[in-house]
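Below, each chain spelled out in residue letters.
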Amino acid sequence: IAAANVAWGAVEYAGFLGGSLVAAILVAPLSVDGALLACALPLAIGTLVFAWLPADARSSDPDPEPSGTLSELLAGARTVARDAEMRLLTGVRSITAVVQGTIDVLLVALALELLDTGQSGVGVLSAAWGVGGLLGGWAGISLLRRGRLASGVGVGCVLAGVPFALIAVWPQAGVAITLLIVLGVEIGRASCRERV
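**Overview of unusual backbone geometry**
- A positive phi is found at Asp 116, a non-glycine position, where the angle reads about 55°.
- Tracing the sequence through the fold places Asp 116 in the loop between helix 3 (84–114) and helix 4 (118–146).

Here it is as structure tokens:
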């Protein structure tokens, strides 16, 4: 399961990298509206592909307790609340998700206002973050092989914030790209550890 989760993280960051580069390439000739329409095409194709998949087979075992979405969510919350390690892991993962969402928004302001790289610059900066995430996933696989996947979560979280803070101090495109790669490595490694 640990290896599958690390692989999932690598695939996620590969998609993030590819999508960022495609956005950076499409925005310049097509504008934002055209790039959004171009992104809708693969989603439409995916919808058509999934529409042809057969329905999941139903289990022959009767479900002892009928459950719905709310009861499943509450059961999950109770499970996390009972286990100290799961509370810590869920808390760190939640904070990481908030930070990633914040970075997504700040990259736009960084590219357009601080670095003045234009709309394509947002895609380039996101791609740098994706490269770092892939490298971080590779580092996560290396830690998994050594049996040390859970080590250094706190240090990794702190180190993930340092590159982003340095961009404000040294606002140059090349420096920002390099620091976002470092940021992606740390967040990618942390994501791999948290998934396990």
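Text resumes after the structure shown.
**Focus on the nonpolar core**
- Grouped together as the largest cluster of nonpolar side chains are 15 residues, with contacts concentrated most on Leu 107, Leu 110, Leu 125, Ile 167 and Leu 180.
- Elements that contribute at least two residues to this core include exactly helix 3, helix 4 and helix 6 (173–195).
- Tallying contributions element by element places helix 6 first for this core, with five residues.

**Topic: the layout of surface pockets**
- Looking at the largest pocket, its volume works out to about 360 Å³.
- Ala 23, Val 27, Gln 119, Val 122 and Gly 123 are, among the 17 residues lining the largest pocket, the residues nearest its centre.
- Mapped by element, the contributors of at least two residues to the lining of the largest pocket are helix 1 (2–51), helix 3 and helix 4.
- Examining the composition of the lining of the largest pocket, we find that nine residues originate from one element, helix 1, more than from any other.
- Counted by class, the lining of the largest pocket contains 12 nonpolar, four polar and one charged residues.

**Points about the environment of Gly 15**
- With respect to the helices and strands, Gly 15 occurs in helix 1.
- The class for Gly 15 is partly exposed, based on a relative accessible area of 47%.

**Observations regarding the confidence of the model for the chain**
- On average, residues of the chain carry a pLDDT of 76, and 74% of them reach 70 or more.
- Within the chain, the element-level pLDDT minimum falls on helix 5 (residues 153–169), averaging 72, and the maximum on helix 2 (residues 69–82), averaging 85.

**Describing the packing of helix 2 against helix 3**
- Where helix 2 meets helix 3, the axes come as close as 5 Å, and the angle between the chain directions of the two elements is 110°. It follows from the interaxial angle that helix 2 and helix 3 lie roughly perpendicular. The residues of helix 3 that touch helix 2, namely those facing Thr 79, Val 80, Ala 81 and Arg 82, are Ala 84, Met 86, Arg 87 and Thr 90.

What counts, and at which threshold
Residues numbered from 1 in each chain as written. Predicted model: local features only at pLDDT ≥ 70, side-chain atom pairs only at ≥ 80, totals over all residues. Heavy atoms only, no water. Helix = DSSP H or I, 4+ residues; strand = E, 2+ residues; numbered from the N terminus. Core = buried A, V, L, I, M, F, W, Y, C linked by side-chain atoms within 4.5 Å. Buried < 20%, exposed > 50% of the residue type's maximum accessible area, 1.4 Å probe, protein only. 1 Å grid on protein atoms, 1.4 Å probe; cavity = no way out; pocket = protein on both sides within 12 Å on 5 of 7 lines; lining within 4 Å. Points joined across faces, edges and corners; volume = space filled by probe spheres on them. Nonpolar A, V, L, I, M, F, W, Y, C, P; charged D, E, K, R; others polar. pLDDT = per-residue confidence, 0-100. Axes fitted to C-alpha atoms, helices over the stretch in contact; angles between N-to-C directions. Parallel < 35°, antiparallel > 145°, perpendicular 65-115°, else oblique. Contact = heavy atoms within 4.5 Å.

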